[in-house]
Amino acid sequence: MQKRFVFSTVVIVIALLMVATLTLGSARPVQAADIRDSGVLEAGETVDDDLIISHDIVRIDGTVNGMLIAGGQTVTLNGTINGDAVLFGENVIVSESA
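Calculation rules
Residues numbered from 1 in each chain as written. Predicted model: local features only at pLDDT ≥ 70, side-chain atom pairs only at ≥ 80, totals over all residues. Heavy atoms only, no water. Helix = DSSP H or I, 4+ residues; strand = E, 2+ residues; numbered from the N terminus. Contact = heavy atoms within 4.5 Å. Buried < 20%, exposed > 50% of the residue type's maximum accessible area, 1.4 Å probe, protein only. Pairing = 2+ DSSP bridges. Core = buried A, V, L, I, M, F, W, Y, C linked by side-chain atoms within 4.5 Å.

1. Focus on the environment of Ser95
Take Ser95: it is sitting in the segment after strand E9 (85-94). Between the C-alpha atoms of Ser95 and Gly79, which are 16 residues apart in sequence, the distance is 8.3 Å. Once you skip the residues sitting within four places of it in the chain, Ser95 turns out to touch Leu77 and Asn78.

2. Here we look at the pairing of strand E5 (residues 57-60)
In E5, alternate side chains face the same way, and those of Val58 and Ile60 are buried while those of Ile57 and Arg59 on the opposite face are not. Relative to E5, strand E2 (residues 40-41) runs parallel, the two sharing 2 bridges. Note that in E5 the partner of Val40 across the bridge is Arg59. Alignment of E5 against strand E7 (residues 68-77), held across 4 bridges, turns out to be parallel. Along E7, the bridge assignment pairs Ile60 with Leu77.

3. Structural notes on the nonpolar core
Listed in full, the 12 residues of the largest apolar core are Leu41, Val47, Leu51, Ile53, Val58, Ile60, Val64, Leu68, Ala70, Val75, Leu77 and Ile81. Contributions of two or more residues to this core are made by strand E4 (50-54), E5 and E7. It is E7 that contributes the most residues to this core, 4 residues altogether. Filtering out sequence-adjacent residues up to four positions away, Val58 remains in contact with Gly39, Ile53, Ala70, Gly71, Gly72, Thr74, Val75 and Thr76.

Laid out in structure tokens, this is it:
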């Protein structure tokens, strides 16, 4: 009876080590984000990453290839977002072409 208990404990430990190895081995590095407090992404400007932007008045006229997080009193989105957009503001304006 004692041999069976030792064998099952060894199997459980090996299984846990395999799960930990697979989990840690599949981890990828954290992506950086572009953080701006100017409140403006000019037309013709492209951000190839996530963008976090804030100011009293936020205006997005350029392109974001990633997630956009924008916050301010007034947030205006005229540009192109190739990802998700989270917009916080008292006034949020999204143009029809965006």
